[in-house]
Amino acid sequence: MSNTIDSIPAEVEIFKDTKTLMEKETIELLFLLRYARKHRSDVYNLRINVHRATEQGNEMQEYNAASYSDYEEATRKVWVIENIIKERIGYFPSKVTEKFIYIYLDRINQSNEKKMKIKESSVQENA
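The rules behind each value
Each residue is numbered by its place in its chain's sequence as written, counting from 1. For this predicted model, a pLDDT threshold of at least 70 governs which residues receive local features, and a threshold of 80 or more governs which side-chain atom pairs are given and counted, while totals over whole chains, interfaces and linings are taken from all residues. Hydrogens and water molecules were not included; the side-chain quantities draw on all heavy atoms of the structure. Fitted lines through C-alpha atoms serve as axes, helices being fitted only where they are in contact, and the angles separating the N-to-C directions of these axes extend from 0 to 180 degrees. Helix numbering and strand numbering both begin at the N terminus, where a helix is a DSSP run of H or I of at least 4 residues and a strand a DSSP run of E of at least 2. Just so you know how the angles are binned, under 35 degrees is roughly parallel, over 145 roughly antiparallel, 65 to 115 roughly perpendicular, and the rest oblique. Every residue pair with non-hydrogen atoms within 4.5 Å of one another is taken to be in contact. Residue polarity is assigned by list, with Asp, Glu, Lys and Arg as charged and Ala, Val, Leu, Ile, Met, Phe, Trp, Tyr, Cys and Pro as nonpolar; anything else, Gly included, falls into the polar class. Left-handed is the label given to a crossing in which the near helix is rotated counterclockwise from the far helix by less than a right angle, and right-handed is the label when the rotation is clockwise. Only protein chains enter the accessibility calculation, which uses a 1.4 Å probe. A residue is then buried if its area is under 20% of the maximum for its type, exposed if over 50%, and partly exposed in between. Residues scored as positive are Lys and Arg, those scored as negative are Asp and Glu, and His as well as the terminal groups of each chain are ignored. One side-chain nitrogen of Lys or Arg within 4 Å of one carboxyl oxygen of Asp or Glu is enough to make a salt bridge. Contacts described as polar in this section are N or O atom pairs within 3.5 Å, which, within protein, must combine one atom able to donate a hydrogen with one able to accept it, while residues neighboring in sequence count only if both atoms come from side chains. Among the buried residues, those of types Ala, Val, Leu, Ile, Met, Phe, Trp, Tyr and Cys that are joined through side-chain atoms within 4.5 Å form a nonpolar core.

It is worth spelling out the packing of helix H2 (residues 26-55) against helix H4 (residues 98-113) at this point. When two helices pack together, you describe them by how their axes are tilted relative to each other and by the distance separating the axes. Relative orientation of the contacting elements H2 and H4 amounts to 175°, with a least axis distance of 11 Å. Here H2 lies roughly antiparallel to H4, going by the angle between them. Here Thr26, Ile27, Leu30, Phe31 and Arg34 of H2 lie close against H4, whose contacting residues are Glu98, Phe100, Ile101, Tyr104 and Leu105. The class makeup of the residues in the contact of H2 with H4 is 7 nonpolar, 1 polar and 2 charged.

Below, the structure written as structure tokens:
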């Protein structure tokens, strides 16, 4: 995998199956993790609002159950993306900021530019 950005993935790609996500570049997964966390936050806020409305006596029981299910699904998607990233780079970032992405790309570019040199050892044989 080349770890370059040919195109930034669309937010809707967070809903792809695990096998498809595993085929994505790591940099794409970092963007998708950012989107997935935002989606989970939005779903959580909706869940809280539905829960409050239910407590105030509004008939929203079916929405309440659906909001819990949606939040669980969003959380699982975040976990899947985090685990793929962790498997590749050894950890998953607690925050995926623009700065983090640029630093990550810069490190990749630096490592691609650096040529590996193997020096011959100067071992003298004792005769």
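This brings us to the packing of H2 against helix H3 (residues 61-89). Interhelical geometry of H2 versus H3 gives an angle of 160° and a closest axis separation of 8 Å. Comparing their axes, H3 and H2 come out roughly antiparallel. Considering how the two elements wind past one another, H2 and H3 form a crossing that is left-handed. Broken down by class, the residue content of the contact of H2 with H3 amounts to 18 nonpolar, 8 polar and 6 charged.

Another point: the side chain of Lys77. Summarising the element assignment, Lys77 is placed in helix H3. Here Lys77 sits buried without a salt bridge, and the closest side chain of opposite charge, Glu73, lies 7.2 Å off (N-O distance). At 2.6 Å, the side chain of Lys77 and the backbone oxygen of Lys16 are in polar contact. Among all residues touching Lys77, those that are not within four sequence positions of it are Ile14, Phe15, Lys16, Asp17 and Leu21.

A few words now on the nonpolar core. Grouped together as the largest cluster of nonpolar side chains are 20 residues, with contacts concentrated most on Ile27, Leu29, Leu30, Leu32, Ile81 and Ile101. Looking at this core, the elements that each hand over two or more residues are H2, H3 and H4. Residue contributions to this core peak at 8 residues, all from H2. Not counting the four nearest positions on each side in its chain, Leu30 is found in contact with Ile85, Pro93, Val96, Phe100 and Tyr104.

Note that all results are geometric; they support no functional claim without further evidence.
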